[in-house]
Amino acid sequence: MSDLPRKAVTRTAKLAALPIGFAGRATWGIGRRIGGKSAELVGRELQQRTADQLFKVLGELKGGAMKFGQALSVFESALPEDVAGPYRAALTKLQEAAPPMPTRTVHAVLDERLGEQWRELFLEFEDKPSAAASIGQVHRAVWHDGREVAVKVQYPGAGEALLSDLGQLSRFARLLGPLIPGMDIKPLIAELRDRVSEELDYALEAQAQRAHAEEFDGDPDVVVPHVVHQCEQVLVTEWIDGTPLAEIIDNGSEDERDRAGQLLARFLFSGPARTGLLHADPHPGNFRLLPDEEGGWRLGVLDFGTVDRLPGGLPDPIGVSLRRTLDGEAEAVYELLCEEGFVKESIELEPDAVLDYLLPIIEPARVDAFTFTRSWMRNQAARIADPRSPAHQLGKQLNLPPSYLLIHRVTLSTIGVLCQLGATVRLRDELEAWVPGFATEDATGAEEWPAAEA
């Protein structure tokens, strides 16, 4: 199907087919094993069929279904390696492409939003989309002043589709849970729902992109394309070439992976400090690696439809608690977590147990340079997901305050991408440069900082 299915009944039926398909394939697998095929071979076939259906349904529906698939794709590093392969191939497809909407639909949107003479705005316009995402697709063009541009056109009915899909997905979130061990799917879907109105508002996206483009203009490390034109359902920005991060993950050299990882971490932490905004959609489809004039690389950043507004940068308690955890100050860390609402008043935990829970997670900040790997990510997921482990029991008692929800998801997603890259990153350098309260000199004076004001 090449158009965006908008009828709720149609979309609901397609999404409902996912868990039914999972169950049906499990029954099929049992039958194949009874018939004499090995468990390993049947298991691989089962995973491949499930991955194929997942991509087909989520990619075809676009909207919230595809948005969920893109969010899920950055966590494939947490899957056991024998399971990850088929899902990796299927989910990473969602980062770059989806079945496009018909040319006539694109032209109808441009007629309505830019006027029937819209072609006069362009010297060239490619009808075939260069990329298709969850709520819109991008066409390459040449603006009337000669600049190469990317024209993002929103799918008609995208808002309705987003809400319908995410509502349906939340109903069988429990069945999707095993896809990513140790991750609660339902809050992820709820948070995506909360961002729907912002995602659909291209005026807000243009505002966020302008702020980043202005701040990073001429930056040696990060490239953000400038906004050329914006109106309802249409956003025109400068075009940037470069190698998609998904290709670097698949085929990049060690130097390219390490450089991409370092720049990704730098952008994650420097963005809020420099613009008061956190880019909140860090899947590989939104990043490019661009060669610079000196033979190195810069990071191109796309899609500012979802941002977290942090006027003072990242909250001070993040840096302070990280530093105190690294310094082994169990009581101080526990007190700060209680003040910020990570531990509810009705719950009492052992500070040393909380420290033991946190230290493996922040291992990348303990050393000068850390190599992010899928095996490290899997070990962290397994430690937290195993009901028999102390980490699982303690994690269930911790709370995630609403003000930290998006920061938490963006950080986890970025770590997932770093593990996909297998990048060696000097993460501590970025934390010391950009995160308030983390640098040793900041932490020394942290006693005077009023936590409640942050």
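Residues numbered from 1 in each chain as written. Predicted model: local features only at pLDDT ≥ 70, side-chain atom pairs only at ≥ 80, totals over all residues. Heavy atoms only, no water.

**A word on the overall build of the protein**
Here is step 1: The helix and strand tally for the protein stands at 20 helices and 14 strands.
Here is step 2: By residue count, 52% of the 454 residues in the protein fall in the buried class.
Here is step 3: Put simply, of all contacts in the protein between residues at least 6 apart along the chain, 71% involve residues at least 24 apart.
Here is step 4: Accessible surface computed for the protein: about 20200 Å², of which carbon and sulfur atoms make up 51%. (Helix = DSSP H or I, 4+ residues; strand = E, 2+ residues; numbered from the N terminus. Buried < 20%, exposed > 50% of the residue type's maximum accessible area, 1.4 Å probe, protein only. Contact = heavy atoms within 4.5 Å. Areas by Shrake-Rupley, 256 points an atom, 1.4 Å probe, with all protein chains shown as cover.)

**Topic: the nonpolar core**
Here is step 1: Leu245, Phe267, Val301, Phe372, Leu421 and Leu431 are the most contacted members of the largest nonpolar core, which totals 46 residues.
Here is step 2: Excluding its chain neighbours within four sequence positions, the residues that come into contact with Leu431 are Phe269, Leu322, Ala365 and Phe438.
Here is step 3: Grouped together as the second largest cluster of nonpolar side chains are 25 residues, Trp118, Ala206, Val227 and Leu235 included. (Core = buried A, V, L, I, M, F, W, Y, C linked by side-chain atoms within 4.5 Å.)

**Looking at the sheet that holds strand β11 (residues 297–301)**
Here is step 1: Taken in spatial order, the 4 strands of this open sheet run β5-β11-β10-β8, and their pairing is mixed. Two strands lie at the open edges of the sheet, namely β5 (222–223) and β8 (243–244), each paired on one side alone.
Here is step 2: Sheet topology note: the β8/strand β10 (residues 287–291) ladder contains 2 bridges and is antiparallel. Bridged to Pro244 within β10 is Arg288.
Here is step 3: The sheet strands contacting helix α12 (residues 254–275) are β5, β10 and β11, and the helix crosses β11 at an angle near 50 degrees. (Pairing = 2+ DSSP bridges. Axes fitted to C-alpha atoms, helices over the stretch in contact; angles between N-to-C directions.)

**Comments concerning empty space enclosed by the protein**
Sizing a probe to match a water molecule and rolling it over the atoms shows the empty space that remains.
Here is step 1: Taken as a whole and judged by the stated rule, the model has 3 cavities of 30 Å³ or more.
Here is step 2: Considering only enclosed or pocket space, the second largest cavity measures out at about 50 Å³ in volume.
Here is step 3: Among the secondary structure elements, those contributing two or more residues to the lining of the second largest cavity are α12 and α18 (402–421).
Here is step 4: Ranked by the residues each element gives to the lining of the second largest cavity, the list is headed by α12, at 3 residues.
Here is step 5: Its residues assigned to classes, the lining of the second largest cavity shows 6 nonpolar, 2 polar and no charged. (1 Å grid on protein atoms, 1.4 Å probe; cavity = no way out; pocket = protein on both sides within 12 Å on 5 of 7 lines; lining within 4 Å. Points joined across faces, edges and corners; volume = space filled by probe spheres on them. Nonpolar A, V, L, I, M, F, W, Y, C, P; charged D, E, K, R; others polar.)

**So, the confidence of the model for the protein**
Atom-level detail of predicted coordinates should not be read off regions where pLDDT is low.
Here is step 1: Counting all residues, the mean pLDDT for the protein is 79, and 68% of those residues have values of 70 or more.
Here is step 2: Predicted confidence is poor over residues 1–6, with pLDDT under 50, and the contacts of this stretch with residues over four places away or in other chains come to 29 contacts.
Here is step 3: Overall, residues 19–43 carries pLDDT values under 50, and its contacts beyond four positions in sequence, including any with other chains, amount to 24 contacts. (pLDDT = per-residue confidence, 0-100.)

**A look at the packing of aromatic side chains**
Here is step 1: Applying the stated criterion across every chain yields a total of 9 aromatic pairs.
Here is step 2: Members of the aromatic cluster, connected to one another through ring pairs, are Trp118, Phe122, Phe125 and Trp143.
Here is step 3: Lying over the aromatic face of Phe216, Arg274 brings its terminal NZ or CZ to 4.1 Å of the ring centre.
Here is step 4: When the ring centre of Phe438 is taken as origin, the NZ or CZ atom of Arg323, which lies over that ring, is 4.5 Å away. (Phe/Tyr/Trp six-rings, centres within 6.5 Å; stacked < 30°, edge-to-face > 60°. Lys NZ or Arg CZ within 6 Å of the ring centre and 35° of its normal.)

**Digging into a negative patch on the surface**
Here is step 1: On the surface, Glu331, Glu335, Glu339, Glu348, Glu350, Asp352 and Asp356 cluster together to form a negatively charged patch.
Here is step 2: Only α14 (330–340) and α15 (351–358) provide two or more residues apiece to the negative patch.
Here is step 3: The element best represented in the negative patch is α14, accounting for 3 residues.
Here is step 4: Along the chain, Glu339 falls in helix α14.
Here is step 5: Residue classification places Glu339 among the partly exposed residues on the basis of a relative accessible area of 48%. (Patch = residues over 30% accessible without salt bridge, like charges linked within 9 Å, V, L, I, M, F, W, Y side chains within 5 Å. Salt bridge = Lys/Arg side-chain N within 4 Å of Asp/Glu carboxyl O. Lys, Arg positive; Asp, Glu negative; His and termini not counted. Charge placed at Lys NZ, Arg CZ, Asp CG, Glu CD.)

**Section: unusual backbone geometry**
Here is step 1: Positive phi, normally seen in glycine, also occurs at Gln233, with a value near 70 degrees.
Here is step 2: Its place among the elements puts Gln233 in the loop between β6 (227–231) and β7 (234–238).
Here is step 3: Judged by relative accessible area, which is 14%, Gln233 ranks as buried.
Here is step 4: Phi is positive for Asp303, close to 60 degrees, though the residue is something other than glycine.
Here is step 5: Using a relative accessible area of 18% as the deciding quantity, one classes Asp303 as buried.

**Here's the deal with the packing of α12 against helix α19 (residues 427–434)**
When two helices pack together, their arrangement is captured by the angle between the axes and the distance separating the axes.
Here is step 1: Where α12 meets α19, the closest approach of the two axes is 9 Å, and the angle between their N-to-C directions is 10 degrees. Judged by the inter-axis angle, α12 sits roughly parallel to α19. Only Leu427, Glu430, Leu431 and Trp434 of α19 make contact with α12, whose side of the interface consists of Gln262, Ala265, Arg266, Phe269, Ser270, Ala273 and Arg274.
Here is step 2: Of the residues that constitute the contact of α12 with α19, the class distribution is 6 nonpolar, 2 polar and 3 charged. (Parallel < 35°, antiparallel > 145°, perpendicular 65-115°, else oblique.)

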